Amino acid sequence: MNIAHTIFGVFGNATALFLFLAPSITFKRIIKNKSTEQFSGIPYPMTLLNCLLSAWYGLPFVSKDNTLVSTINGTGAVIETVYVLIFLFYAPKKEKVKIFGIFSCVLAVFATVALVSLFALHGNGRKLFCGLAATVFSIIMYASPLSIMRLVIKTKSVEFMPFFLSLFVFLCGTSWFVYGLIGRDPFVAIPNGFGCALGTLQLILYFIYCGNKGEKSADAEKDEKSVEMKGDEKKQHVVNGKQDLQV
């Protein structure tokens, strides 16, 4: 049982690391263009909070046999902090103030959870408090692709939902779900079971719509019709001109 627990934990570390590194392509573009453009900075401090709370929960004095939870989420916290700092550096002033405010709140929430659990709670009370906090924000993190899934259904296109990202959401959620089941830890199993289900739905949507090019927007269709009508009018003018010359 312990061997299986470790294997799924190591596999979960690998798949989670891929998810944490996935936004690096976006940040490469931000650094190259020296602008955050229309990218949202909100997911990064929120993911940072999830990583901090999960890493804290995995520490031996909070929950037993969850060191692998701490290692990957500690790594994720470092990566997400780098993302937040890069975003703050290149964001316009208004966006910078907003993201810095969220970042400050994230640190305040984590500090509160850590201090309360460290000095006011002990044993199962500490595990329950930290586990509930980590579970809530893990579910929020996994639920973030719901808007993308809605867009896929609306446009019938998977352009904004890459296959490998969906695949690794599924693999990551499944790995940690099984890890939590083997370790009989509901605070690991429940949020990752939710992630596993969402990853499955993403893959189903991908295979349903992967052959579609997506529906064109109404504005695009109007523009195309307008261009076609103008082209037809020009052709008609040419024909009329030739007829006049012949006359």
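Because the structure is a prediction, the values reported are computed rather than measured.

Procedures and definitions
- Residues numbered from 1 in each chain as written.
- Predicted model: local features only at pLDDT ≥ 70, side-chain atom pairs only at ≥ 80, totals over all residues.
- Heavy atoms only, no water.
- Helix = DSSP H or I, 4+ residues; strand = E, 2+ residues; numbered from the N terminus.
- Buried < 20%, exposed > 50% of the residue type's maximum accessible area, 1.4 Å probe, protein only.
- Contact = heavy atoms within 4.5 Å.
- Areas by Shrake-Rupley, 256 points an atom, 1.4 Å probe, with all protein chains shown as cover.
- Phe/Tyr/Trp six-rings, centres within 6.5 Å; stacked < 30°, edge-to-face > 60°.
- UniProt positions renumbered as here; feature names shortened; annotations may be inferred.

Chemist: Could you clarify how one ought to interpret the overall build of the protein in this entry?
Modeler: When helices and strands are counted, the protein shows 10 helices and zero strands. Secondary structure elements in the protein, listed N-terminal to C-terminal, are α-α-α-α-α-α-α-α-α-α. In the protein, which comprises 247 residues, the proportion classed as buried is 37%. Within the protein, residue pairs in contact and separated by at least 24 positions form 76% of the contacts whose partners lie at least 6 positions apart. Put simply, the protein shows about 14800 Å² of open surface, and 69% of that area lies on carbon and sulfur atoms.

Chemist: Teacher, can you tell me more about the packing of aromatic side chains here?
Modeler: For any pair of aromatic rings, the description consists of the separation of the ring centres together with the inter-plane angle of the planes. Within the structure shown, the criterion is met by 14 aromatic pairs. Measuring from centroid to centroid gives 4.6 Å for Phe-27 and Tyr-83, while their planes differ by 5 degrees, and the two rings are stacked. With Phe-27 in helix H2 (residues 24-33) and Tyr-83 in helix H4 (residues 67-90), this residue pair connects regions lying 56 residues apart in the sequence. In this pair, the class of Phe-27 matches that of Tyr-83, namely buried. Between Phe-163 and Tyr-206 the ring centres are 5.1 Å apart and the planes differ by 50 degrees, which places this aromatic pair in the tilted class. Taken as a pair, Phe-163 in helix H8 (residues 163-182) and Tyr-206 in helix H9 (residues 186-209) lie far apart in primary sequence, 43 residues in all.

Chemist: What is the right way to look at the UniProt feature "transmembrane region" (unreviewed entry) in the protein in this model?
Modeler: The sites that carry the UniProt feature "transmembrane region" (unreviewed entry) are, in the present numbering, residues 6-27, 39-59, 71-92, 99-120, 132-153, 160-182 and 188-209. Taken end to end, residues 132-153 is 91% helix and 0% strand, and its first and last C-alpha atoms sit 32 Å apart. Here residues 188-209 is 100% helix and 0% strand, with 32 Å between the C-alpha atoms at its ends.

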